[in-house]
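These are the residues of each chain, in order.
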Amino acid sequence: MPLASPLMGGLNKKKKPFLGMSAPLGYVPGLGRGATGFTTRSDIGPARDANDPVDDRHAPPGKRTVGDQMKKNQEEDEEDLNDTNYDEFNGYAGSLFSSGPYEKDDEEADAIYAALDKRMDERRKERRELREKEEIEKYRMERPKIQQQFSDLKRKLAEVTEDEWLSIPEVGDARNKRQRNPRHEKLTPVPDSFFAKHLQTGENHTSVDPLQGVTQRIALQDPQFAGLATPFPGGLNTPYPGGMTPEAGELDMRKIGQARNTLMDMRLSQVSDSVSGQTVVDPKGYLTDLNSMIPTHGGDISDIKKARLLLKSVRETNPHHPPAWIASARLEEVTGKLQVARNLIMKGTEMCPKSEDVWLEAARLQPGDTAKAVVAQAVRHLPQSVRIYIRAAELETDIRAKKRVLRKALENVSKSVRLWKIAVELEEPEDARIMLSRAVECCPTSVELWLALARLETYENARRVLNKARENIPTDRHIWITAAKLEEANGNTQMVEKIIDRAITSLRANGVEINREQWIQDAEECDKAGSVATCQAVIRAVIGIGIEEEDCKHTWMEDADSCVAHGALECARAIYAHALQVFPSKKSVWLRAAYFEKNHGTRESLEALLQRAVAHCPKAEVLWLMGAKSKWLAGDVPAARSILALAFQANPNSEEIWLAAVKLESENNEYERARRLLAKARSSAPTARVFMKSVRLEWVLGNIDAAHELCTEALKHYEDFPKLWMMRGQIEEQSENIDKAREAYNQGLKKCPHSMSLWLLLSRLEERVGQLTRARAILEKARLKNPQTPEIWLESVRLEYRAGLKNISNTLMAKALQECPNSGILWAEAVFLEARPQRKTKSVDALKKCEHDPHVLLAVAKLFWSERKITKAREWFLRTVKIEPDLGDAWAFFYKFELQHGTEEQQQEVKKRCENAEPRHGELWCAESKHVLNWQKNIGEILVLVASKIKNTF
């Protein structure tokens, strides 16, 4: 029963309690029941009116009088019993005990309730915040902010130059021109033609008569006053004979303008003529000349003055300090005072005549002939300065004059290698040989001069020159390497090895440390120069120096890769050859060498290497298979068969060799031989792959029943091999047996619940027959059994997208990226799920998460392609196929791109690179390459086929 019912309303009316409260003012005990006695003012209280102030002189407004306080107490006592304040369950609003005393028990109870409320709030806080966050994200996804819609355009602002920014027009103003530009009244000068016109008519008004305008306005407003506007004949302003009418030529403004132009021409012609006949000022181009005189220095004038004053102080304090004079001259040069700079630097040459830098600076600042005179003066003061001689040769324009200067310089400074080199470069070969023979006498320690002389000499003389050089400089390796190259060039290949070995011994005897990296670099230079024997000899001599035995293999493989990267293929070949001599039984070294020959060598060199390899490593199946494949690609099928037969002998019952033999026969249309080989393989090496290849062979040949029987037999032995279940389901699908196909997939999923391909095939089967709900349920079940699997999430997103439910697909993609934040295929799909303005932003996020994922790189390339940024798209396609050459989809998109935007050469280049890479993976690629109709197509044909299926819908 509610506390405040209508029947009890009167009884429950609150009354003011008196217990526990102080007596009111003026209360006299017993006075109400007739008790009498004397009373004093202290008993009945002060005699105050309601408007009298209270004792608190600083009370706030509303409490300053006795009446205010009484009114407030009455308001607090009265309870709000309005119907709007009534609730059926709680009664009237407010606390029932608000007027009661607030005790310690009440405080304790409030604290307990507050703690309970806080605890309940914390329990739901995380869930509530997560729900609010999801609601906000969903709202933002459906209705993005203006800021998000323009985020990609805001990023482009970083590419805007300052000129482009300044050229952006200002926002227009809707107000009219006078409101936008409140300016004062414009006063325009009257042209000369105005005065000339009115002079010809005979008028001499100097101002406009305001009465004339008033008269006209009156006439327009009231027709009865129209006579005032009529001109009065014979007025005061009418010209009359002998009056103030000006004559025709008295005030001609045109003649004044012509006179002004004539005066200007006279002044310019006076200035332009001089005694020597040269033009002092060009009348037409003097403004251009003035612009050229403006100093190019952008600094502050006060800074220039300070620098000038400071440098002047330095010059006066230490006049023999060359850098002070050079700095002063350059300051004046920068500020445009070239003559002052020349005068300063010439003063510097007088004060510092032995400073090479001051003379060179003076020669630089002076014009041609004066510079030559300055250099000649410098040579007299510094006859041993190489730099001044070189500057003197540079100032000469004639080759003979240059030679004369340099020969004069060599007479004074015969020990300068730099002068000899410059002088030799100007000579013909025969004269250069003579000069070099003199140069090596003067500079016997210069390796460059010795080697230059050896190159110009004949074979016998070059050998003598190099021997003499080796005697003079026994610590330089380049002389020995040049000697080896000389012998190789003249056919003495057997001497090359001896010279390099003697070089190592001699250099060590002379205390030279053999730096392995430097020698390998020299070998690379020999390789690029065509000296193959010298290059190989150097590699063999130094490859093992300074390396621990356990690090040899790793270091040599790195050296070989480095040589390949630098284009020194012979060096890499020599390193592999040496490594194979040291490690003849290492399969990995043989493989690296074989791949090197496959990529950079000839077919003959590869086959020769593989023959040696299988002799040393007969158990390495991959080496046998590489040899057989090389023979097969060359068209020599019998040789490939013989290699595989030898491989069978070395590796009996090897699955890889069995399957290679089957592939060889099937590719050459020997289907019966392939069947017999597979039957033998099933009896001797019954593996799951052998059964799978057997089923596939019958399937592609059209023997569906035989394929079905083989698949059933295989599943008895290998029921946990998912590819067999897939093939069984696909065979049933091809035969239009949908129920059997569904049964095969379901049975396969019971045995192989972690096979992603089986889940995808079953989902697509249900989608194909129109069971969208069942397909969705299958994918959800797959996600439960295989959490954090990007392929399942991607198929779920695409399923909704294909069904036209774009909002659900976006939601699923958001969940997928939360569960698999580093999945490249999900980010690549997410980029193209966005609207076009947000794609670039999404691609940036994808690159941050998966910087080197090929699917993300491919998505960025497609994004640039869709925006018609051809160069950038090609760069990103190249980056994608470089990072992951096994991704067939990337090659297909790249080829399609070149078909649309590239040349014939670029298309063939992509096709050739794809054939060399032999890609095997990719969603679109596998769909075509594993199709039963395309089983005999090669890489190039599959590439063309996949590219033709690609549509530019992104």
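This is a predicted model, so every value here is computed, not measured.

Q: Quick question: what am I supposed to make of the overall build of the protein chain here?
A: The helix and strand inventory of the protein chain stands at 50 helices and two strands. Partitioning the intrachain contacts of the protein chain with sequence separation of at least 6 by distance along the chain shows that 50% fall at a separation of at least 24. Accessible surface computed for the protein chain: about 61,900 Å², of which carbon and sulfur atoms make up 53%.

Q: Can you help me understand the packing of aromatic side chains in this one?
A: How two aromatic rings sit relative to each other is given by the distance of their centres and the angle of their planes. Tallied over the entire structure, the rule returns nine aromatic pairs. Ring geometry for Phe 691 and Tyr 718: centres 6.1 Å apart, planes at 55°, overall tilted. With a gap of 27 residues between them, Phe 691 in helix α35 (residues 688–700) and Tyr 718 in the loop between α36 (704–717) and α37 (722–734) connect regions that are remote in the sequence. Overall, Phe 691 belongs to the buried group, its relative accessible area being 3%. Given the relative accessible area of 24%, Tyr 718 is considered partly exposed. Members of the aromatic cluster, each reached through a chain of ring pairs, are Trp 865, Phe 877, Phe 894 and Phe 897. Just above the ring of Trp 325 sits the side chain of Arg 315; from NZ or CZ to the centre is 5.6 Å. Seen from the ring of Trp 876, Arg 879 lies directly overhead, with NZ or CZ sitting 4.1 Å from the centre.

Q: Which parts of the structure should I look at to understand helix α16 (residues 368–381)?
A: Working note: α-helix, 3.6 residues per turn, so residues spaced by three or four point in the same direction. Taking 1.5 Å as the rise per residue, α16 with 14 residues should run 20 Å; its terminal C-alpha atoms sit 20 Å apart, in good agreement. Residues of α16 that are buried: Ala 371, Val 374, Val 375 and Ala 378. In a view along the axis of α16, the buried residues occupy a sector of 100°, so they form one face of it. Exposed positions of α16 whose direction lies more than 90 degrees from the buried face are Asp 369 and Arg 380. Buried residues along α16 sit in contact with α14 (338–351), α15 (356–365) and α17 (386–395).

Q: What is the right way to look at the nonpolar core in this model?
A: Side chains of nonpolar character tend, in soluble globular proteins, to be buried together. Membership of the largest hydrophobic core comes to 123 residues, with the highest contact counts inside it found for Leu 419, Trp 420, Trp 519, Ile 539, Val 542, Trp 556 and Leu 623. Beyond its immediate chain neighbours, meaning those up to four positions away, Val 542 contacts Ile 504, Ile 514, Arg 516, Trp 519 and Ile 520. Counting residues in each nonpolar core, the second largest holds 34 residues, with Met 726, Leu 761, Leu 762 and Ala 782 among its members.

Q: Which parts of the structure should I look at to understand a nonpolar patch on the surface?
A: A grouping of Leu 157, Val 160, Trp 165, Leu 166 and Ile 168 is seen on the molecular surface, where their side chains present a nonpolar patch of about 510 Å² in accessible area. Tracing the backbone shows Val 160 in the loop between α5 (151–156) and α6 (162–166).

Q: Please explain the state of the cysteines as it appears in this structure.
A: Working definition of a disulfide: a covalent bond connecting the sulfur atoms of two cysteines. According to the stated counting rule, one finds zero disulfides in the structure shown. Between Cys 563, a cysteine without a disulfide, and Cys 571, which holds the nearest cysteine sulfur, the sulfur-to-sulfur distance is 4.8 Å.

Q: Sorry, what's going on with the UniProt feature "repeat: TPR" (unreviewed entry) in the protein chain here?
A: Annotation from UniProt places "repeat: TPR" (unreviewed entry) at residues 722–755. Between the end C-alpha atoms of residues 722–755 there is a gap of 7 Å, over a span that is 79% helix and 0% strand.

Q: What exactly am I supposed to notice about the pattern of salt bridges here?
A: Side chains that carry opposite charge are capable of pairing whenever their charged atoms lie near each other. On inspection of all chains with the given rule, the structure shows 39 salt bridges. Note that Asp 559 is salt-bridged to Arg 516, the shortest N-O span being 2.1 Å. Of the two residues, Asp 559 sits in helix α27 (residues 552–565) while Arg 516 sits in helix α25 (residues 516–529), which places them 43 residues apart along the sequence. Overall, Asp 559 belongs to the buried group, its relative accessible area being 14%. Note that Arg 603 and Glu 604 form a salt bridge whose closest N and O atoms lie 3.7 Å from each other. Assessed through its relative accessible area of 51%, Glu 604 is described here as exposed. Connected through shared salt-bridge partners, Arg 764, Glu 767, Glu 795, Arg 798, Arg 802, Glu 829 and Glu 923 make up one network.

Q: Can you walk me through the side chain of Arg 342 in this structure?
A: You can see Arg 342 is positioned in helix α14. The side chain of Arg 342 sits in the buried core without any salt bridge; Glu 333 is the nearest counter-charge, 8.5 Å away. Contacts of Arg 342, omitting those with residues within four sequence positions, involve Leu 365, Gln 366 and Pro 367.

Q: Sorry, what's going on with the layout of surface pockets here?
A: The gaps of empty space that remain are located by a probe, the size of a water molecule, rolled over the atoms. As a volume, the second largest pocket reaches approximately 1,400 Å³. What lines the second largest pocket is a set of 32 residues, and nearest its centre among them are Glu 137, Met 141, Ala 814, Glu 834 and Lys 842. Elements with a minimum of two residues in the lining of the second largest pocket: α3 (104–142), α4 (146–149), α5, α42 (806–819), α43 (824–833) and α44 (836–849). Looking at the lining of the second largest pocket element by element, the count peaks at 10 residues for α42. Class assignment for the residues of the lining of the second largest pocket results in 11 nonpolar, nine polar and 12 charged.

Q: Please clarify how helix α34 (residues 671–684) should be interpreted in this entry.
A: Between the first and last C-alpha of α34 there are 20 Å, a value that for 14 residues agrees with the 20 Å anticipated at 1.5 Å per step. Within α34 the residues assigned to the buried category are Ala 674, Leu 677, Leu 678 and Ala 681. Along α34, the residues classed as buried sweep out an arc of 100° about the axis, all on the same side. With respect to the buried face of α34, the exposed residues turned more than 90 degrees away are Arg 676, Lys 680 and Ser 683. For α34, the secondary structure elements touched by its buried residues are α33 (655–667) and α35.

Q: Please explain the side chain of Thr 789 as it appears in this structure.
A: You can see Thr 789 is positioned in the loop between α40 (772–785) and α41 (790–802). Overall, the relative accessible area of 10% leaves Thr 789 in the buried class. Among the polar contacts made by the side chain of Thr 789, one reaches the main-chain carbonyl oxygen of Asn 786 at a distance of 2.7 Å. When near neighbours in sequence (up to four residues on either side) are disregarded, Thr 789 contacts Met 756 and Cys 820.

Q: When you look at unusual backbone geometry in this model, what are you seeing that I'm missing?
A: Phi is mostly negative for residues that are not glycine, and the peptide bonds are mostly trans. You will see that Glu 736, though not glycine, has its phi angle at about 65°, which is positive. With respect to the helices, strands and loops of the structure, Glu 736 is situated in the loop between α37 and α38 (738–751).

Q: Help me understand the environment of Asp 845, please; the structure alone is not making it clear to me.
A: Structurally, the position occupied by Asp 845 is in helix α44. On the basis of relative accessible area, Asp 845 is assigned to the partly exposed category, the value being 29%. When the C-alpha atoms of Asp 845 and Trp 827 are compared, they prove to be 8.5 Å apart, with 18 residues separating the residues in sequence.

What counts, and where the lines are drawn
Per chain, residues are indexed from 1 in the order of the written sequence. Where local features are concerned, this predicted model is filtered to residues with pLDDT of at least 70; where side-chain atom pairs are given and counted, the filter is 80 or more; whole-chain, interface and lining totals use all residues. In computing side-chain properties, one takes all heavy atoms of the structure into account and sets aside hydrogens as well as water. Elements are defined by DSSP. Helices are runs of H or I of four residues or more, strands are runs of E of two residues or more, and each kind is numbered from the N terminus. Contacts are residue-level and defined by heavy atoms, with any inter-residue pair within 4.5 Å sufficient. Calculation of accessible area relied on Shrake-Rupley with a 1.4 Å probe; when residues are assessed, cover is drawn exclusively from the protein chains displayed. In summary, the pairing rule links any two rings of Phe, Tyr or Trp, Trp by its six-membered ring, whose centres are within 6.5 Å, and it sorts them by plane angle into stacked for under 30 degrees, edge-to-face for over 60 and tilted for everything else. The buried label goes to any residue with under 20% of its type's maximum accessible area, the exposed label to any with over 50%, and the partly exposed label to all in between, with areas taken from a 1.4 Å probe on protein chains only. To sit over a ring, a charge needs its Lys NZ or Arg CZ within 6 Å of the ring centre and within 35 degrees of the ring normal. The span expected for a helix works out to 1.5 Å for each residue beyond the first. Directions pointing from the helix axis toward each C-beta atom define the arc. Working definition of a nonpolar core: buried Ala, Val, Leu, Ile, Met, Phe, Trp, Tyr and Cys residues. They are joined through side-chain atoms within 4.5 Å. Two distance rules govern patches: like charges are joined within 9 Å, and nonpolar side chains (Val, Leu, Ile, Met, Phe, Trp, Tyr) within 5 Å, applied only to residues with over 30% relative accessible area and no salt bridge. Just to be clear on terms, a salt bridge is a Lys or Arg side-chain nitrogen sitting within 4 Å of an Asp or Glu carboxyl oxygen. Only a pair of cysteine sulfur atoms within 2.5 Å counts as a disulfide in this structure description. UniProt positions are given in the numbering used here, feature names are shortened, and annotations may be inferred rather than shown by experiment. Working convention for charge: Lys and Arg count positive, Asp and Glu count negative, and His plus the chain ends are omitted. Cavities and pockets were defined on a 1 Å grid built over protein atoms only: a cavity is a set of grid points that admits a 1.4 Å probe from which the probe cannot escape, a pocket is an open set flanked by protein on both sides within 12 Å along at least five of seven lines, and lining residues are those with an atom within 4 Å of any such point. Grid points are joined across faces, edges and corners, and a volume is the space filled by probe spheres set on the points. Under the scheme applied here, ten amino acids are nonpolar (Ala, Val, Leu, Ile, Met, Phe, Trp, Tyr, Cys and Pro), four are charged (Asp, Glu, Lys and Arg), and all others, including Gly, are polar. As used in this structure description, the phrase polar contact means that two N or O atoms lie within 3.5 Å; if the pair is within protein, one of them must be able to donate a hydrogen and the other to accept it, and residues adjacent in sequence are counted only when both atoms belong to side chains.

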